[in-house]
Every structure is written in C-alpha cells, then in structure tokens.
Amino acid sequence: MTRLVLTLLTLAVILLFALLMWWGYRGRARRQAAQLPAFPPVPDGLLAKARAGELEALLPPSTGVYASTVTEASWQDRVAVGDVGFRANATAHLLPDGVLFDREGATAVWIPAAAVRTARTEAGIAGKVMGRDGLLVVRWDVDGHGFDTGFRADDKDDYDRWVPAVRALNPEVKTGE
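Read on for a plain summary of the structure. Note that the structure is a prediction, hence the values are computed from the model and not measured.

What counts and how
All residue numbers refer to positions counted from 1 along the written sequence of the respective chain. Local features in a predicted model are, by the rule used here, given only for residues with pLDDT of at least 70; side-chain atom pairs are given and counted only at 80 or more, and totals for whole chains, interfaces and linings are based on all residues. Calculation of side-chain values draws on the structure's entire complement of heavy atoms; hydrogens and water are dropped beforehand. Starting at the N terminus, helices and strands are each numbered in turn, a helix being any DSSP run of H or I of at least four residues and a strand any DSSP run of E of at least two. Burial classes follow relative accessibility: with a 1.4 Å probe on protein chains only, a residue under 20% of its type's maximum area counts as buried, one over 50% as exposed, and anything between as partly exposed. Any pair of residues with heavy atoms lying within 4.5 Å of one another is described as a contacting pair. For two strands to be treated as a pair, DSSP must find at least two bridges joining them. The axes are straight lines fitted to the C-alpha atoms, using for helices just the contacting stretch, and the angles between their N-to-C directions are given from 0 to 180°. Each aromatic pair joins two rings of Phe, Tyr and Trp (for Trp, the six-membered one) with centres within 6.5 Å, and gets the label stacked for planes under 30 degrees apart, edge-to-face for over 60, and tilted for any other angle. A carboxyl oxygen of Asp or Glu within 4 Å of a side-chain nitrogen of Lys or Arg is what we treat as a salt bridge.

Remarks on the environment of Val 129
Looking at the element boundaries, Val 129 is found in strand β7 (residues 128–129). A relative accessible area of 60% places Val 129 in the exposed class. Considering only alpha carbons, one finds Val 129 and Ala 67, 62 residues apart in sequence, at a separation of 9.7 Å. In this structure, Val 129 is in contact with Trp 75, Ala 123 and Gly 124, ignoring residues within four places of it in sequence.

Observations regarding the sheet that holds strand β3 (residues 98–103)
Pairing between the strands of a sheet is mediated by backbone hydrogen bonds and can be parallel or antiparallel. Read across the sheet, 7 strands follow the order β4-β3-β2-β1-β9-β8-β5 without closing on themselves; strand pairing throughout is antiparallel. Among the strands making up the open sheet, the edge pair consists of β4 (109–112) and β5 (116–122). The average angle at which neighbouring strand axes cross in this sheet is 30°, direction not considered. Sheet analysis places β3 next to β4, joined by 4 bridges and oriented antiparallel. Each bridged residue has a counterpart across the sheet, and for Phe 101 the counterpart in β4 is Val 109. Contacting β1 (62–71), β2 (88–95), β3, β5, β8 (135–142) and β9 (145–153), helix α3 (residues 158–167) runs over the sheet at an angle of about 160° to β5.

Notes on the packing of aromatic side chains
Following the criterion strictly, the structure yields 5 aromatic pairs and no others. Summarising the aromatic geometry, the rings of Trp 140 and Phe 147 are spaced 5.5 Å apart at their centres and angled 40° between planes, so their arrangement reads as tilted. You can call Trp 140 buried: its relative accessible area is 0%. Here the aromatic residues Phe 39, Trp 140 and Phe 147 are joined through ring pairs into a cluster of three or more.

With respect to the pattern of salt bridges
Tallied over the entire structure, the rule returns 8 salt bridges. Put simply, Asp 102 and Arg 51 hold a salt bridge, and the shortest N to O gap is 2.8 Å. Separated by 51 residues along the polypeptide, Asp 102 in strand β3 and Arg 51 in helix α2 (residues 46–52) bring together distant segments of the chain. Exposure remark for Asp 102: the relative accessible area of 11% places this residue in the buried category. Given a relative accessible area of 55%, Arg 51 falls into the exposed group. Asp 158 is the salt-bridge partner of Arg 161, the closest N and O atoms lying 2.8 Å from each other. Here Arg 161 and its partner Asp 158 are both found in helix α3, 3 residues apart, which amounts to about one turn of the helix.

Nothing here speaks to function; it is all geometry.
Structure representation (structure tokens):
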C-alpha cells in the first residue's frame, strides 16, 4: 500500500470514531432529556448583580474552572442535556440562597440552598482528574434526582472555607455521603 492510501485509511478511521462518539453523546442527551428534570433557572437579576459585584455573598467569589455536572449514579455519568456537562472557566458565588457558577461562554448553573445535600472535595469528576482534593464537589437534588457538580478553584485553599459553608446552606445537609 502506498503512503497516501494508509493516510486516508487512518483519517477515515479517526473520522468514524469521532462520528460514533458524537452519535453516542447525542443519544445520551436524548435519553437524559426524557428522564432528568430541568435544572433550576438562575433567579432574575442575580447574574447581572454577580457580574457587577453587587451580591450579598457568604464568601468572596472563587475563580476557577467548572468541571461538569454528573448524576449521583457515577462520577463518570456526565449530564449531556444542555451544556452543563462541558468544562468552562467560571466564578463560583456562595450566596444565602444558593450556589451560582457563572460560566464564561456557557449557561450559568444555579443550585438553590434547599437543593444542597452535601459538599466535599474529590480527585476528579467525569474524566477530569485533578489530583487529591483537587475539586470542590456539591451534591444536590432536583425533583428526587441527585447530581454532583465539580469546580476546580484557582486557589485550592478556598475549599477549606467553601465545603463547610456550602454544607451550612441547608440545615438538613449531611456532612458526608
């Protein structure tokens, strides 16, 4: 075989695998859209106030990377509905009413205080391994469905304040799950 034929064959195999991955992800999104509830919308005006620095926050905002949201079934079961499963630079805001992840170039993620079940640090989420205690993970519920949302702060020392503060949002929160 000539080099051209081998190159074309390799490109065809790569394209086939990319197509299969896209097809599988699209199928996952369809299945999840039928099973999972809609995520809570960000309250009116909250995002604008967050970006203007006009919020009454419990802690200073933390910048970093929103890793993804997964179902509580597995740290690898990424939510494919909408764009909540995609990584983005973000600023996390801890407010008396909940946790806001203001993501750059993506939809903001709002976790109401009453939905919070616990907070902890983890090594990774949905294929993104950050090392020991590299992620802040918030476990929360929407209509009986559990989710874990991961955030990697630029300053890992933030976790020492954020974990107990997120847990304190909901008096029914368990300290570990």
